[in-house]
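Residues per chain, in single letters:
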Amino acid sequence: DTLMILPAKDCTDIRLVRVPDEFEEHEVYRHVTGLIASVEEDNPNYTWEEIAAVLEDHGFEPVDFILGPALD
């Protein structure tokens, strides 16, 4: 499985998604950026659930995880 971390300024907003097999590493970043931007453009007050729904529509799967201690 290929996983992608969606970083955030607030550590509680960090998300992890499973990348569909058909994506190459070099193209997945651009594709996800475009999907997120489309949600942001349609609704400036978007929620994670709206982004997750769009990602899921394109084969990405949100993955639960436990945030560990920071590495300095």
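In what follows, the structure referred to is the one given above.
Summarised in this report is the structure supplied together with it. (Residues numbered from 1 in each chain as written. Predicted model: local features only at pLDDT ≥ 70, side-chain atom pairs only at ≥ 80, totals over all residues. Heavy atoms only, no water.)

### Side note on the overall build of the protein
In step 1: The helix and strand inventory of the protein stands at two helices and three strands.
In step 2: If you list the helices and strands of the protein from N to C, you get β-β-α-α-β.
In step 3: Summarising its shape, the C-alpha atoms of the protein cover approximately 35 × 30 × 20 Å along the three principal directions.
In step 4: Of all 72 residues assigned to the protein, the portion counted as buried reaches 25%.
In step 5: Taking as baseline every contact in the protein between residues at least 6 positions apart, the subset at least 24 positions apart corresponds to 49%.
In step 6: In the structure as shown, the protein presents an accessible area of about 5,600 Å², 51% of it carried by carbon and sulfur atoms.
In step 7: For the protein, the distance from the average position of its 4 positive side-chain charges to the average position of its 18 negative side-chain charges is 5 Å. (Helix = DSSP H or I, 4+ residues; strand = E, 2+ residues; numbered from the N terminus. Buried < 20%, exposed > 50% of the residue type's maximum accessible area, 1.4 Å probe, protein only. Contact = heavy atoms within 4.5 Å. Areas by Shrake-Rupley, 256 points an atom, 1.4 Å probe, with all protein chains shown as cover. Lys, Arg positive; Asp, Glu negative; His and termini not counted. Charge placed at Lys NZ, Arg CZ, Asp CG, Glu CD.)

### Some remarks on the pairing of strand β2 (residues 15-19)
In step 1: In terms of strand pairing, strand β1 (residues 2-6) meets β2 through five bridges, oriented antiparallel. Paired with Leu6 across the strands is Arg15, a residue of β2.
In step 2: With two bridges joining them, β2 and strand β3 (residues 61-62) adopt antiparallel strand pairing. The partner of Arg18 across the bridge, within β3, is Glu61. (Pairing = 2+ DSSP bridges.)

### Observations regarding helix α1 (residues 25-42)
In step 1: In a regular helix each residue adds 1.5 Å, so 18 residues correspond to 26 Å; α1 covers 27 Å between its end C-alpha atoms and thus fits that length.
In step 2: All of the buried residues along α1 are Val28, Val32, Leu35, Ile36 and Val39. Buried residues of α1, seen end-on, are gathered within an arc of 90° and therefore sit on one face of the element. Along α1, exposed side chains directed more than 90 degrees from the buried face belong to His26, Arg30 and Glu41.
In step 3: Against β1, β2 and α2 (48-57) lie the buried residues of α1. (Expected span 1.5 Å × (residues − 1). Arc of directions from axis to C-beta.)

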